[in-house]
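Coordinates in review
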Amino acid sequence: MTPIQANDLRLMEQVCRLAADTLVHVARFVKPGVTTNELDQIVYDFTLSHEAMPAPLNYNGFPKSICTSVNSCICHGVPDDQPLYEGDIVNVDVTSFKNGFFGDTSATYFVGEVSPKAKLLTEVAEQAMIKGIEEVKPFGTTGDIGFAINKFVTKKGFYPVREIGGHGIGRKFHTDPFVPSYGKKGRGEKLRPFTCITVEPMINETAAPIKEISIPNSSVKVYATGDGTLSAQFEHTILITDKGYEILTRRD
Ligand code: MF3
Ligand code: CO
Ligand code: CO
């Protein structure tokens, strides 16, 4: 990826702020009884009212504006008319597109009261993302990020998903480098100053092989745990600076 110029950086910051604001907005509606299609519509309306587009909509044939991944769904869950139930966990993944740039962020939310196990897995997933982000530095590597995530998650007794991970982002939704949730320090691709990546570890309760599910008329796959156990994920878009990093999708 080529480094981003000052004017473009403003636009990238702006779309990332919108993605974060959108996630905060939709999260207020996550409660028992709401359908994921209702969450999808809320994001569609909010995004258009901010002169932006939801990037997932029609992306490689994906039919909705967000991904909603419930319980055993790892990622790319397609919103539908199923209501959320008390005790569910749901990852809501928002990607906004505005003025030629993409901002990508997600979080896992509790639907009412959830089990201690669901709570712990979700907390570990968020902490894992933070551990990964803290490794981001100019001329560091994707392996530094993956190593930190894997070390933290395995210590907690959970399993990072290896097949799917973060990505470069900017004028394109998904670019190099692949940002894995495992790896070796100093290995993988170099992190270049003034480029952006996502850090988005998906954390599973067990080591069961993952399942791929097709979406009609789309090349996007839904991923789920092979044994029906839980998976949780968090995602931020990160700017690599000359000194370290900046979380462009921070929610504050
Ligand atoms: N937002 C997802 C990511 O973090 C990608 C979703 S692509 C879609 O990379 F087509 F499934 F929406
Ligand atoms: Co992403
Ligand atoms: Co995303």
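Residues numbered from 1 in each chain as written. Chains lettered and ligands numbered in written order. Predicted model: local features only at pLDDT ≥ 70, side-chain atom pairs only at ≥ 80, totals over all residues. Heavy atoms only, no water.

**A look at the overall build of the chain**
So the rule is basically this: Helical segments are the DSSP runs of H or I of at least four residues, strand segments are the runs of E of at least two, and each set is numbered from the N terminus. The reference for a compact globule is 2.2 Å times residues^0.38; the radius of gyration itself is calculated from the C-alpha atoms. Each residue's exposure class comes from its accessible area (1.4 Å probe, protein chains only) as a fraction of the maximum for that residue type: buried when under 20%, exposed when over 50%, partly exposed otherwise. In what follows, residue pairs with any heavy atoms lying within 4.5 Å of each other are defined as contacts. Here, Shrake-Rupley sampling with a 1.4 Å probe gives the accessible areas, and only protein chains in the shown set may cover a residue. The charge count treats Lys and Arg as positive and Asp and Glu as negative. His and the chain ends do not count. Here the site of a charge means atom NZ of a Lys, CZ of an Arg, CG of an Asp or CD of a Glu.
Along the backbone of the chain there are 4 helices and 15 strands. Scaling as 2.2 N^0.38, a compact globule of 252 residues should have a C-alpha radius of gyration of about 18 Å, and the chain matches this with 17 Å. Counting all 252 residues of the chain, 54% fall into the buried class. Of all intrachain contacts in the chain linking residues separated by at least 6 positions in sequence, the fraction that spans at least 24 positions is 71%. Working note: accessible area of the chain is about 11300 Å², and carbon and sulfur atoms make up 51% of it. Positive and negative side-chain charges of the chain, numbering 26 and 30 respectively, have mean locations separated by a distance of 7 Å.

**Points about the coordination of the cobalt ion (ligand 3)**
Filter applied, for reference: Coordination shells were defined by N, O and S atoms within 2.8 Å of each metal, extended to 3.2 Å for Na, K and Ca; water is absent from the atom set, which can make sites look incomplete. Angle rules define the geometry names used: all angles between 85 and 135 degrees makes four donors tetrahedral, while opposite donors over 155 degrees apart and all other angles between 65 and 115 make four donors square planar and six octahedral, leaving every other case irregular.
Here the cobalt ion (ligand 3) is held by the protein donor atoms D93 (OD), D93 (OD), D104 (OD) and E235 (OE), which lie 2.1 to 2.4 Å from it. With 6 donor atoms in place around the cobalt ion (ligand 3) and angles of 58 to 168° between them, the coordination shape is irregular. When the donors of the cobalt ion (ligand 3) are listed by position in the chain, the intervening gaps give D-x10-D-x130-E. Here the cobalt ion (ligand 3) and the cobalt ion (ligand 2) are spaced 3.3 Å apart, linked through D104, which binds each one. Taken together, the residues D93 in strand β4 (residues 89–98) and E235 in the loop between β13 (231–233) and β14 (236–240) connect sequence positions 142 residues apart. A residue is classified by how much of its surface remains accessible, and D93, at 11% relative accessible area, is buried. Judged by relative accessible area, E235 falls into the buried class, the value being 0%.

**Here we look at the sheet that holds strand β6 (residues 159–160)**
Consider a sheet: its strands pair through backbone hydrogen bonds, and that pairing is either parallel or antiparallel. Condition: In this analysis, strands are considered paired if DSSP registers two or more bridges between them. To get an axis, a line is fitted to the C-alpha atoms, and for a helix only the part in contact is used. The angle between two axes follows their N-to-C directions and goes from 0 to 180 degrees.
Strand order in the open sheet made by the 3 strands is β6-β10-β13, with antiparallel pairing throughout. Taken across any chain shown, the strands that pair with only one partner, and hence form the sheet edges, are β6 and β13. For β6 and strand β10 (residues 202–204), the ladder comprises 2 bridges, and the chain directions are antiparallel. The partner of Y159 across the bridge, within β10, is N204. Across the sheet, helix α3 (residues 116–133) lies against β10 and β13, angled at about 35° from β13, the strand it touches most.

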